[in-house]
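# Residue-level structural notes
Take a look at the letters that make up each chain.
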Amino acid sequence: MASVDHNVMIEAGGAMPPATVKVWDPFVRVFHWSLAALFLLAYVTGDEVQNVHIAAGYAIAGLLALRIVWGFVGPRHARFGDFVRSPRAVFAYVRDVALLRAPRFIGHNPAGGAMVVALIVMLIGTGITGYMMTTDAYWGAEWVEEVHEVLANLTVGLVVVHVLGVLVASFEHRENLVKAMITGRKRANER
Ligand code: HEM
Ligand code: HEM
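Residues numbered from 1 in each chain as written. Chains lettered and ligands numbered in written order. Predicted model: local features only at pLDDT ≥ 70, side-chain atom pairs only at ≥ 80, totals over all residues. Heavy atoms only, no water.

### Considering the site of ligand 2
Residues in contact with ligand 2 amount to 22 residues; listed here are only the nearest, Gln50, His53, Gly130, Glu145 and His148. One of the side-chain nitrogen or oxygen atoms of His53 is found 2.8 Å away from a nitrogen atom of ligand 2. At 2.7 Å from a nitrogen atom of ligand 2 is found a side-chain nitrogen or oxygen belonging to His148. Here ligand 2 occupies the second largest pocket. At the level of secondary structure, the elements contributing two or more residues to the shell around ligand 2 comprise helix H2 (26-45), helix H3 (50-73), helix H6 (110-133) and helix H7 (142-172). Of the residues belonging to the shell around ligand 2, the class tally is 10 nonpolar, 9 polar and 3 charged. (Near = heavy atom within 4 Å. Polar contact = N/O pair within 3.5 Å; in protein donor to acceptor, adjacent residues only side chain to side chain. 1 Å grid on protein atoms, 1.4 Å probe; cavity = no way out; pocket = protein on both sides within 12 Å on 5 of 7 lines; lining within 4 Å. Sits in = over half its atoms within 2 Å of the grid points. Helix = DSSP H or I, 4+ residues; strand = E, 2+ residues; numbered from the N terminus. Nonpolar A, V, L, I, M, F, W, Y, C, P; charged D, E, K, R; others polar.)

Following this line, the structure appears as structure tokens:
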């Protein structure tokens, strides 16, 4: 009997705060904000401060290596299996977003998952071409520098789309996804 009264109180929006669930584990959160800061640092020092630039680039490479391992052994929403979908599912989801009828996901939605993969791949390409420039074999090779710069700039473009996607999804589902990437928690799915 007592538990029935309790439920009524939640539904009436009384004293109980809305239920939340843990989504992003501490590693994913530290990974994310370190990656964003280091990416910015690497980008602005690329042309100017070589030692800082290369250190930031290697730190990014290290973070990515750990994140990839975590994508296989980490908790549920950190796993690639939880958010990497077929291109068909990704396009269907983007269409639903445009029609304002996209379902809410507790982890990454299919478009967000595709963005995570794209960012990781581009950052790896940027890191490898950056490393190549420091080797004897490719030192001074104009084309490697060219590719490194193009990959870095394309990644900036992806980051802009990434942040816009976060804002669109936040408005569409009336939740603050940026805050969730800080606290790790999101509103539980309503039944
Ligand atoms: C101030 C700028 C940024 C904001 C506000 C932001 C916000 C977010 C948010 C809210 C998520 C979770 C998305 C979801 O709920 O599905 C996320 C995920 C992610 N973001 Fe960002 N982001 C920013 C910059 C960046 C940058 C610069 C990079 C990389 C260069 C980046 C790479 C990623 C990656 C890889 C994930 C997936 C996290 C994981 O599962 O490990 N973000 N971001
Ligand atoms: C993923 C992170 C990285 C980003 C976003 C990035 C971005 C950039 C950018 C924007 C430039 C300037 C290009 C220009 O205007 O000429 C640059 C140059 C350079 N980067 Fe990176 N880079 C990254 C990683 C690395 C790594 C890991 C290394 C080496 C191990 C590296 C080595 C270099 C070198 C040697 C240059 C100078 C090219 C020149 O002579 O102008 N980068 N990078």
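Once you've had a look at it, read on.
### A closer look at the environment of Ile120
Along the chain, Ile120 turns up in helix H6. The buried category is assigned to Ile120, whose relative accessible area is 10%. Spatially, the C-alpha atoms of Ile120 and Ala65 are 9.7 Å apart, while their sequence positions differ by 55 residues. (Buried < 20%, exposed > 50% of the residue type's maximum accessible area, 1.4 Å probe, protein only.)

### Section: the site of ligand 1
What surrounds ligand 1 is a group of 19 residues, the closest being His32, Arg67, His108, His162 and Leu177. His32 has a polar side-chain atom sitting 2.7 Å from a nitrogen atom of ligand 1. Contact between ligand 1 and His108: an oxygen atom at 2.7 Å from a side-chain N or O atom of the residue. With respect to the detected pockets, ligand 1 is housed in the largest pocket. Where the shell around ligand 1 is concerned, the elements lending two or more residues are H2, H6, H7 and helix H8 (177-183). With 7 residues, the top contributor of residues to the shell around ligand 1 is H2.

### Description of the coordination of the iron atom of ligand 1
Of the protein atoms, only His32 (NE2) and His162 (NE2) coordinate the iron atom of ligand 1, at distances of 1.9 to 2.0 Å. For the iron atom of ligand 1, the 6 donor atoms are set out with angles of 86 to 180° between them, so the coordination reads as octahedral. Remark: His162 occurs in helix H7 and His32 occurs in helix H2; sequence separation between them is 130 residues. (Donors = N, O, S within 2.8 Å, 3.2 Å for Na, K, Ca; no water. Tetrahedral: all angles 85-135°; square planar, octahedral: opposite > 155°, others 65-115°.)

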